[in-house]
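Coordinate inspection notes
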Amino acid sequence: MDVFFREWERRTPGETRDIGRARALAGTLDVLSPDAPVLTVVGSKGKGTAATYASAFLAAAGLRVCTVTSPGLRTDRDRIRLDGRAVSEAELASLAAALDEAAGALPPPADGYLSPAGLFTIAGVLHARRAGADVIVLEAGMGGRSDEVSLFTPAVAAITPIFREHAGVLGDTPAEIAREKLGVAGPQTLVLSAPQSPEVTEALGPVERIGEGGSGLAADLLPAGLGRGSAELGVAAARRLPGAAEPPDESLGAVLSSIVLPGRLSSHYVPGSATRLLVDSAIDRTGIAAALAAARRAWGTIDHVVVCLPDHKDLGGAIGELGGLPVTFVRLPLPHLRFTHALPPGWDVVDSDAITPESLATLGHRVAVLGTGYFTGLVLGVVDADTERLFLTSASPRRS
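In this report, we go over the structure that sits alongside the text. The numbering scheme is per chain: residues are counted from 1 as the chain's sequence reads. Residue-level local features of this predicted model are given only where pLDDT is at least 70; pairs of side-chain atoms are given and counted only at 80 or more, and the full residue set underlies all totals for whole chains, interfaces and linings. Water and hydrogen atoms were dropped before computing side-chain values, which therefore reflect all heavy atoms in the structure.

1. A few points about the overall build of the protein
- Across its full length, the protein holds 13 helices and 16 strands.
- Its C-alpha radius of gyration of 20 Å places the protein within 12% of the 21 Å reference for a compact globule of 400 residues.
- The principal-axis extent of the C-alpha atoms belonging to the protein is close to 55 × 55 × 45 Å.
- Contact criterion: two residues are considered in contact whenever any of their non-hydrogen atoms come within 4.5 Å of each other. Counted over contacts in the protein with a minimum sequence separation of 6, partners at least 24 positions apart contribute 73%. Numbered from the N terminus, helices here are DSSP runs of H or I no shorter than four residues, and strands are runs of E no shorter than two. The size measure is the radius of gyration over C-alpha atoms, and the globule rule it meets is 2.2 Å times the number of residues to the 0.38 power.

2. Notes on the environment of alanine 60
- With respect to the secondary-structure elements, alanine 60 resides in helix α3 (residues 47-60).
- Residues alanine 60 and leucine 252 lie 192 residues apart in sequence; the distance between their C-alpha atoms is 5.2 Å.
- Among residues more than four places away in sequence, those in contact with alanine 60 are Pro247, Pro248, Ser251, Leu252 and Val255.

3. Focus on the environment of isoleucine 283
- Within the secondary structure layout, isoleucine 283 lies in the loop between β12 (276-280) and α10 (285-299).
- The spatial distance from the C-alpha of isoleucine 283 to the C-alpha of threonine 362 is 25 Å, given a sequence separation of 79 residues.
- Those residues in contact with isoleucine 283 that sit more than four places away from it in its chain are Ser44, Lys45, Phe163, Leu309, Lys313, Asp314, Gly371 and Thr372.

4. Quick notes on the nonpolar core
- One finds Phe4, Leu25, Leu29, Leu99 and Ile122 to be the most contacted residues of the largest nonpolar core, which totals 52 residues.
- Leucine 29 has contacts with Ala98, Leu99, Ala102, Ile122, Leu126 and Arg129, leaving out every residue within four places of it along the chain.
- Side-chain atoms within 4.5 Å link the members of a nonpolar core, which is a set of buried Ala, Val, Leu, Ile, Met, Phe, Trp, Tyr and Cys residues. Each residue is placed in one exposure class: buried if its accessible area under a 1.4 Å probe, protein chains only, is under 20% of its type's maximum, exposed if it is over 50%, and partly exposed if it falls in between. Formed by 40 residues, the second largest nonpolar core is a distinct cluster that contains Leu292, Cys308, Ala318 and Ile355.

5. Details of the pattern of salt bridges
- Salt bridges are defined by distance alone: a side-chain nitrogen of Lys or Arg within 4 Å of a carboxyl oxygen of Asp or Glu. Counting across every chain of the model gives 16 salt bridges.
- Residues arginine 74 and aspartate 384 are paired through a salt bridge, measuring 3.1 Å at the closest nitrogen-oxygen approach. Pair noted here: arginine 74 is in the loop between β3 (65-68) and β4 (80-82) and aspartate 384 is in the segment after α13 (373-382), with a separation of 310 residues, a long-range link.
- Exposure remark for arginine 74: the relative accessible area of 32% places this residue in the partly exposed category.
- Arginine 77 serves as the salt-bridge partner of glutamate 388, at 2.9 Å between the closest nitrogen and oxygen. Taken together, the positions of glutamate 388 in the segment after α13 and arginine 77 in the loop between β3 and β4 put the pair 311 residues apart, joining distant regions of the chain.
- By relative accessible area, which is 27% here, glutamate 388 ends up partly exposed.
- One salt-bridge network, held together by shared partners, links Arg77, Arg85, Glu89 and Glu388.

6. Describing helix α11 (residues 315-322)
- Restricting attention to buried positions, one finds in α11 the residues Leu315, Gly317, Ala318 and Leu322. All buried residues of α11 lie within an arc of 155° about the axis, which places them on one face of the element.
- In this structure, the buried residues of α11 make contact with α10, β13 (304-308) and β14 (327-331).
- Once α11 ends, the next one or two residues include glycine 324, with phi positive near 90°. The directions considered for the arc run from the helix axis to the C-beta atoms.

7. Observations concerning the pairing of strand β16 (residues 366-371)
- Judged by how many residues are buried, β16 sits mostly within the fold: five of six residues are covered.
- Here, any two strands with at least 2 DSSP bridges between them count as paired. As paired elements, β12 and β16 share five bridges and run parallel to each other. Within β16, the residue paired with arginine 276 across the bridge is arginine 366.

8. So, the side chain of histidine 268
- Mapped onto the fold, histidine 268 is located in strand β11 (residues 266-269).
- Any N or O atom pair separated by 3.5 Å or less is treated as a polar contact, with the protein-specific requirement of one donor-capable and one acceptor-capable atom, and with residues adjacent in sequence counted only for side-chain atom pairs. In this structure the side chain of histidine 268 is engaged in a polar contact, spanning 2.7 Å, whose partner is the side chain of serine 266.
- Not counting the four nearest positions on each side in its chain, histidine 268 is found in contact with Thr275, Arg276, Leu277, Val279, Leu380, Val383 and Ala385.

Here it is, written out as structure tokens:
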């Protein structure tokens, strides 16, 4: 399994992902031209929700759907799914073995590395071919043109809301970042976008806009909160994918009603306690405000907030929204994430290994957990949240 992380862990300062070697690897595996049409989701926020709803819509239409998301919710297995279900340990090990053999035939790395997210993307496309998938849904890890999803020209690209993130990596302004993400599209790609700021709208140019109600779905089939727009975008994009027919109403309702979105305003009990968590991957002031509002609607009050925001996220906005609440700030031991910004003096600060069921249970009965997806995934693991399936199809066994 170390094939996914080997070159990334050995990278030297200043090295970047090597898209050329990733292309060569995909070529060696003969997956550069997938057998199924591709729908790719890019953006700054809401990509996972858009990819999930697109995949569920296509599955409701009777298609076999392979979905690749980044990062995984709890484990590396759930980065790659077939009809909403995570691949098995054996399937992932088989994919890793195939990538390891193909990588061994490449020249050794020179000025870059094969990124984990890119290798899981390539593995997902290989799994789609092995499983005979009818369609492929890819979620970009960070960028667009610079992300390995760009190796697989999409028939349809869906762009979720874009804001200034990874400044200096994807671009210095929202407009530059938008153009970088738009670079995933080919000349024949149909591009759909969620509502954007005026600056981003101008940068994207003449793409199809999907606003409120653009999915044509009843409100009870859509998620609450800020994720609703991304869900509508995902469904609208899925409808435009070649070969996708409109699902029967009964099938569509059943599949979309079964969707679970761990880490997106999801609710969980801490094992062995009465503590309830609301977990949301909010990374800016708007998202944090929406998550806190959802928690207050559900509980009336919030006992504690646990938050993890690396330097490149909107920590200032979070501080503004969290004023007056007891807060524990968590640092992750990941070399690509920095935690150097000043924090309010009243906040507790801990490392991620301090997050356990026992420590969470001491914070009160109503705890909001907010921050980057790496962190919310860690917490989902701590409370043993079910992330095996994101939705059910007519062929799926029902949850007990």
